[in-house]
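Here is what each chain is made of, one letter per residue.
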Amino acid sequence: MTSRSSIINAMKECGVIAVLRSKNQEEATSVARSCLKGGIKLIEITFSTPGADQVIASLSRSEEFSNAVIGAGTVLDAPTARLAIIAGAKFIVAPTFDKEVAKICNLYAVPYVPGVMTINETLEALKYGVEVVKLFPGSEFKPGFIKALHGPIPQVDVMVTGGVNVQNTAEWISAGAIAVGVGGNLTTVKEGQLVDKQGVFEDIVSTAMSYVEAVKEGRK
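Residues numbered from 1 in each chain as written. Predicted model: local features only at pLDDT ≥ 70, side-chain atom pairs only at ≥ 80, totals over all residues. Heavy atoms only, no water.

## A few points about the overall build of the protein chain
- When you go through the protein chain residue by residue, the secondary structure sums to 10 helices and 8 strands.
- For 220 residues, the compact-globule estimate of 2.2 N^0.38 gives 17 Å, and the C-alpha radius of gyration of the protein chain, at 16 Å, lies within 12% of that figure.
- The dimensions of the protein chain, computed from C-alpha atoms along their principal axes, are 50 × 35 × 30 Å.
- Evaluated residue by residue, the protein chain yields a buried proportion of 52% over its 220 residues.
- Nonlocal contacts in the protein chain, meaning residues at least 24 apart in sequence, comprise 60% of its contacts between residues at least 6 apart.
- Seen as two clouds, the 21 positive and the 22 negative side-chain charges of the protein chain have centres 4 Å apart. (Helix = DSSP H or I, 4+ residues; strand = E, 2+ residues; numbered from the N terminus. Rg over C-alpha atoms; globule rule 2.2 N^0.38 Å. Buried < 20%, exposed > 50% of the residue type's maximum accessible area, 1.4 Å probe, protein only. Contact = heavy atoms within 4.5 Å. Lys, Arg positive; Asp, Glu negative; His and termini not counted. Charge placed at Lys NZ, Arg CZ, Asp CG, Glu CD.)

## Some words on the packing of helix α2 (residues 25-37) against helix α3 (residues 52-61)
- It is the contact of α2 with α3, at a shortest axis distance of 10 Å, that shows an interaxial angle of 45 degrees. Regarding the angle of α2 to α3, the classification is oblique. Judged by the sense of rotation from one axis to the other, the crossing of α2 with α3 is right-handed. Only Gln54, Val55, Ser58 and Leu59 of α3 make contact with α2, whose side of the interface consists of Gln25, Ala28, Thr29 and Ala32.
- For the contact of α2 with α3, the residue count by class is 4 nonpolar, 4 polar and no charged. (Axes fitted to C-alpha atoms, helices over the stretch in contact; angles between N-to-C directions. Parallel < 35°, antiparallel > 145°, perpendicular 65-115°, else oblique. Left-handed = near helix turned anticlockwise from the far one by under 90°. Nonpolar A, V, L, I, M, F, W, Y, C, P; charged D, E, K, R; others polar.)

## Topic: the packing of helix α8 (residues 166-174) against helix α10 (residues 202-218)
- Here α8 crosses α10 at 35 degrees, and the two axes come no closer than 7 Å. Considering the relative orientation of α8 and α10, their crossing is right-handed. For the pair α8 and α10, contact is made by Val166, Thr169, Ala170, Ile173 and Ser174 and by Ser210, Tyr211, Ala214, Val215, Glu217 and Gly218, respectively.

Now the structure itself:
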């Protein structure tokens, strides 16, 4: 059984979480494969993906993804959180904080990463056992906000999602983010983008590698 702390450590080690909003299970699998090949081992399957729980179950049980950490995103309520966890999700991500989702995640010892925008929201999440909060949408903040947040709440870990790109990733990491969540400009399958014989999108592989390098740059 994978421990809660080991999942958070994996987030810190990799520094990038690929956020997948795919059209179907086949596309999601190919995108996840591409991200993994590019060095991103944390894969977040959002519940805006059709059959998201089935995608999570398929990836979680596949030997091909044994080195990946599969989680669930856009989790809005406790029943969805439980469905994701039973399917095999190792972490739960949400756009906002929800007490009942926190309780379910605590029950199953699964990290819950809710979206926050204020210090008050962060404190409320911590009261329910949250260890990592998601600054969301990141496009509404400057990296300096993390330092301001760590003033009164130094113990909270922060990831950033929304508005993150290859150009600003290093800045966010340097400012104190343990990881960034990246969706559209990494995991979107563009018109005409083809899967090669190994079942990967080479454009996504190269972009994933760029994010991994940006994280390394931010940690220097």
